[in-house]
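Per-entry structural report
One letter stands for each residue in the lines below.
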Amino acid sequence: MTGVLPITLADATKVVQALLYSGKEYVCVMKLHGDVEVEQIKKVLGEFEDVIYQRPPLRASVKRQLRTRRIYYLDFLEKDGRNVLFRVGCEGGTYIRKLCYDVGEVLGSGAHMQELRRTRAGPFVEPESVILHDVAYWFMQWQERKDANVLKRFVQPMEQALALVPKIIIRDSAVDAVCHGASLTAPGVLSLETGIKAGLVVAVFSLKGEAIALGKAATASEQILQMEHGIVASTERVLMPRGTYPKRWKTGGNKNE
Amino acid sequence: MPRSVAPWKTERRVLVKAEDKTDPSFGHNPEERSAEEYLRYGVINLDKPAGPSSHEVAAWVKRILKLESVGHGGTLEA
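**A short note on the overall build of chain A**
- Looking only at helices and strands, one finds 7 helices and 14 strands in chain A.
- When its C-alpha atoms are laid out on the principal axes, chain A stretches across 75 × 50 × 30 Å.
- Here chain A holds 257 residues, and the buried ones make up 54% of them.
- When contacts within chain A are restricted to residue pairs at least 6 apart in sequence, those whose partners lie at least 24 apart make up 65%.
- For chain A, the accessible surface area stands at approximately 11700 Å², while carbon and sulfur atoms represent 49% of it.

Below you can see the structure in the form of structure tokens.
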């Protein structure tokens, strides 16, 4: 299996959680065990779009319980004999191998996954990816030239990994409290994106575009916009070191003023 | 029944609640991080080769860049 694999470096590893929920896209070769008409294949592939049920395989390190997974799209690309090429956009943790097996069952012919290539992992897409050789080469170039722009050839800031997570932007005065794990309260919020719902992961950002923390929304975007006080999001994973912004929250008076 | 939309196709608008200025003496734009900091808070969009496991590939990157730790966003295994 090849394709997009985001590698988080050192402290950026804390954003891995956000990537798991951001969705994936693959291009897959499925080998049918019998001959099936193209129209029939397209019809069945269409039936697997939206929600499917899967139980993780034996070799997976997750609990083997039946769970639902979303298939965002399942596009037939080509057929060559018994080989079927398709593109699939899906929720993280979807087993494409099992998907191929199940498609084969519904088709009646049986099928297995022949080859898989990941074309997207969250916000990271194949055309922008680099290979190991590039990493080694550009790292060596950076060590020789000491030019930071060389690093940008193969490294992205961790904020890029959060591009698909709904954002909440907060005041400077609210930053350090969140860095200490405090929940984000209404007065600290400056702006936020639509689509936030209670319980969903949100990314808390500074006005300078720095990722401060990953949190869990207490309520929806529309409510957060109206709230004068109260908790907007709990802080689940702090990304910014404490003390980057000054403490403003133990001065007694207004919290997150 | 509405079909689920892929996260990368979800359209989001910005809702402004309040306005404020940011103090330039604290923190900085991610693009302006020092080289060491840029690496330490960086992510590589790697095209994994066939053969080695995702874990092995991440370990190689760790060795090449001489970092204390690395992680990866979703196993790509056979």
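**Overview of the pattern of salt bridges**
Residue and element names in this part refer to chain A.
- In total, this model carries 10 salt bridges over all chains according to the counting rule given.
- Across the salt bridge formed by R69 and E91, the nearest N and O atoms sit 4.0 Å from each other. Within this pair, whereas R69 is found in strand β4 (residues 67–80), its partner E91 is found in the loop between β5 (83–90) and α3 (96–107), the two being separated by 22 residues in sequence.
- A residue is classified by how much of its surface remains accessible, and R69, at 13% relative accessible area, is buried.
- On the accessibility criterion, E91 (24% relative accessible area) is partly exposed.

**Details of the confidence of the model for chain B**
- The predicted model of chain B averages 90 in pLDDT, with 94% of residues at 70 or higher.
- Prediction confidence for the complex, expressed as pTM and ipTM, is 0.91 and 0.92 respectively.

**A word on the layout of surface pockets**
- Of the voids in this model, the largest pocket is the one considered here, and its volume is about 1000 Å³.
- Lining the largest pocket are 33 residues, with A60(A), G93(A), T94(A), Y95(A) and T75(B) positioned closest to its centre.
- At the level of elements, α1 (16–20), β2 (24–32), β4, α3 and β6 (111–121) of chain A are the ones that each hand at least two residues to the lining of the largest pocket.
- Grouping the amino acids of the lining of the largest pocket by side-chain chemistry returns 16 nonpolar, 7 polar and 10 charged.
- Taken as a whole, the second largest pocket encloses approximately 740 Å³ of empty space.
- Y21(A), R70(A), L200(A), P7(B) and R12(B) are, among the 20 residues lining the second largest pocket, the residues nearest its centre.
- The class makeup of the residues in the lining of the second largest pocket is 10 nonpolar, 5 polar and 5 charged.

**Observations regarding the environment of R237(A)**
- Tracing the backbone through its elements, the reader meets R237(A) in strand β14 (residues 231–238).
- Filtering out sequence-adjacent residues up to four positions away, R237(A) remains in contact with K14(A), A213(A) and L214(A).

**Some points on the pairing of β14(A)**
Residue and element names in this part refer to chain A.
- Bridge analysis of strand β10 (residues 184–185) against β14 gives 2 bridges, and the strand direction is antiparallel. Bridge assignment links L184 to a residue of β14, and that residue is A233.
- Where strand β13 (residues 211–217) meets β14, 5 bridges bridge the pair, whose relative direction is antiparallel. Considered in β14, the bridge of G215 is made with T235.

**A few points about the sheet that holds strand β1 (residues 14–16) of chain B**
- Strand order in the open sheet made by the 7 strands is β10(A)-β14(A)-β13(A)-β12(A)-β9(A)-β11(A)-β1(B), with mixed pairing throughout. Edge positions in the sheet fall to β10 of chain A together with β1 of chain B, since each of these pairs with one other strand and no more.
- Inspection of the sheet shows strand β12 (residues 201–205) of chain A paired to β13(A) by 5 bridges, in the antiparallel sense. Residue V204(A) lies in a different strand from β13(A), and its bridge partner there is A213(A).

**Things to note about helix α2 (residues 38–47) of chain A**
Residue and element names in this part refer to chain A.
- For α2, the set of buried residues is I41, V44 and L45. Projected down its long axis, α2 carries its buried residues within an arc of 105°, all on one side. In this structure, α2 carries E39 and K43 as exposed residues pointing more than 90 degrees from its buried face.
- Those residues of α2 hidden inside the fold are in contact with β2, β4, β5 and α3.

**Concerning the interface of chain B and chain A**
- Taken residue by residue, the interface counts 65 residues in chain B and 80 residues in chain A.
- Summed over both partners, the interface of chain B with chain A buries about 6800 Å², with 61% contributed by carbon and sulfur atoms.
- The salt bridge partner of D47(B) is R117(A), with a shortest N-O separation of 2.7 Å.
- Elements represented by at least two residues in the side of chain B that touches chain A include exactly β1, α1 (35–40), β2 (42–48), α2 (54–65) and β3 (70–72) of chain B.
- Among the residues forming the side of chain B that touches chain A, the class breakdown is 32 nonpolar, 14 polar and 19 charged.

**A word on the packing of aromatic side chains**
- Taken as a whole, this structure holds 5 aromatic pairs over all chains when the rule is applied.
- When the ring of Y72(A) is compared with that of W8(B), the centres are 6.1 Å apart and the planes differ by 80°; the resulting orientation is edge-to-face. Within this pair, whereas Y72(A) is found in strand β4, its partner W8(B) is found in the segment before β1, the two belonging to separate chains.
- Taking the relative accessible area as the measure of exposure, Y72(A) reaches 7% and is therefore buried.
- Residue classification places W8(B) among the buried positions, given a relative accessible area of 17%.
- For the pair Y245(A) and F26(B), a centre-to-centre distance of 6.4 Å together with 40° between the ring planes defines the contact as tilted. You can see Y245(A) sitting in the segment after β14 and its partner F26(B) sitting in the loop between β1 and α1, one on each of two chains.
- Given a relative accessible area of 1%, Y245(A) falls into the buried group.
- Classification of F26(B) as partly exposed rests on a relative accessible area of 26%.
- Taken together, the ring pairs in this structure connect Y72(A), Y73(A) and W8(B) into an aromatic cluster.
- The ring of W142(A) carries the charged tip of K146(A) above its face, separated from the ring centre by 4.5 Å.
- Above the plane of the ring of F205(A) lies K167(A), whose end atom (NZ or CZ) is 5.4 Å from the centre.

Criteria and cut-off values
- Residues numbered from 1 in each chain as written.
- Chains lettered and ligands numbered in written order.
- Predicted model: local features only at pLDDT ≥ 70, side-chain atom pairs only at ≥ 80, totals over all residues.
- Heavy atoms only, no water.
- Helix = DSSP H or I, 4+ residues; strand = E, 2+ residues; numbered from the N terminus.
- Buried < 20%, exposed > 50% of the residue type's maximum accessible area, 1.4 Å probe, protein only.
- Contact = heavy atoms within 4.5 Å.
- Areas by Shrake-Rupley, 256 points an atom, 1.4 Å probe, with all protein chains shown as cover.
- Salt bridge = Lys/Arg side-chain N within 4 Å of Asp/Glu carboxyl O.
- pLDDT = per-residue confidence, 0-100.
- 1 Å grid on protein atoms, 1.4 Å probe; cavity = no way out; pocket = protein on both sides within 12 Å on 5 of 7 lines; lining within 4 Å.
- Points joined across faces, edges and corners; volume = space filled by probe spheres on them.
- Nonpolar A, V, L, I, M, F, W, Y, C, P; charged D, E, K, R; others polar.
- Pairing = 2+ DSSP bridges.
- Arc of directions from axis to C-beta.
- Buried area = accessible area lost by both parts, 1.4 Å probe.
- Phe/Tyr/Trp six-rings, centres within 6.5 Å; stacked < 30°, edge-to-face > 60°.
- Lys NZ or Arg CZ within 6 Å of the ring centre and 35° of its normal.

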